[in-house]
Amino acid sequence: MTLACGLLCTQQPAADKPAPILTADQAALQRANQRIKTLEDEVKALKETKDKKLAERKPSNLVVKRKKAVTKLARTYEVTAYTNGVESTGKSAGDPDYGVTASGARTKTGHTIACPPSMAFGTRLNIEGIGVRTCEDRGGAIMEGHIDLYVAGVSEAQSFGRQRLKAEIITK
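Scanning the protein for helices and strands turns up five helices and six strands. Mapped from its N terminus to its C terminus, the protein presents α and β elements in the order α-α-α-β-α-β-β-β-β-α-β. Pairs at least 24 residues apart make up 62% of the contacts formed inside the protein by residues separated by at least 6 positions. Counting only carbon and sulfur atoms, one obtains 57% of the accessible surface of the protein, whose full area is about 12900 Å².

Now for the confidence of the model for the protein. The pLDDT averaged across the protein works out to 81; a share of 77% of its residues lies at or above 70. This model gives residues 60–72 a pLDDT under 50, and the stretch forms zero contacts once residues within four places in sequence are excluded.

Positionally, asparagine 84 belongs in the loop between strand S1 (74–82) and helix H4 (86–89). On the basis of relative accessible area, asparagine 84 is assigned to the buried category, the value being 11%. At a separation of 3.0 Å, a polar atom in the side chain of asparagine 84 contacts the side chain of threonine 107. Excluding residues within four positions of it along the chain, asparagine 84 makes contact with Thr89, Lys91, Tyr98, Gly99, Thr107 and Tyr150.

Calculation notes
Residues numbered from 1 in each chain as written. Predicted model: local features only at pLDDT ≥ 70, side-chain atom pairs only at ≥ 80, totals over all residues. Heavy atoms only, no water. Helix = DSSP H or I, 4+ residues; strand = E, 2+ residues; numbered from the N terminus. Contact = heavy atoms within 4.5 Å. Areas by Shrake-Rupley, 256 points an atom, 1.4 Å probe, with all protein chains shown as cover. pLDDT = per-residue confidence, 0-100. Buried < 20%, exposed > 50% of the residue type's maximum accessible area, 1.4 Å probe, protein only. Polar contact = N/O pair within 3.5 Å; in protein donor to acceptor, adjacent residues only side chain to side chain.

Laid out in structure tokens, this is it:
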């Protein structure tokens, strides 16, 4: 029995496997993978925060604002026509300001309109059945809700008459 005890007693308990020894490249790769995992977790957290903030917004308010903006830009105007002549501007062909708009630009057929003071010079309007025109002029009779379209001849202005047309401000 002493022999059996000697054999059993001299055995050492089995040790855990020692950790494998990594090369410098393997250790660097392991650190890089850990950093990538950390960054991916940060990105995921940021996306969740952004999604949560978007979900907290009230979509109905955004829709109302857009509808208001569209309604504000499109409206019906009383549209008339004018020429450079005495009958429209009080200026004759010899006048130095003949054909010069309030903005300083020269009148151009298919381009110039006279607008109320609430519209800045350079404002572009798409007028129903007429096309796009630019606000470059004012007029004593041009009040809110009225646009005066420049045309070349008196007969054209008279045949145009007074029309109620929709116009939409073109935004950039």
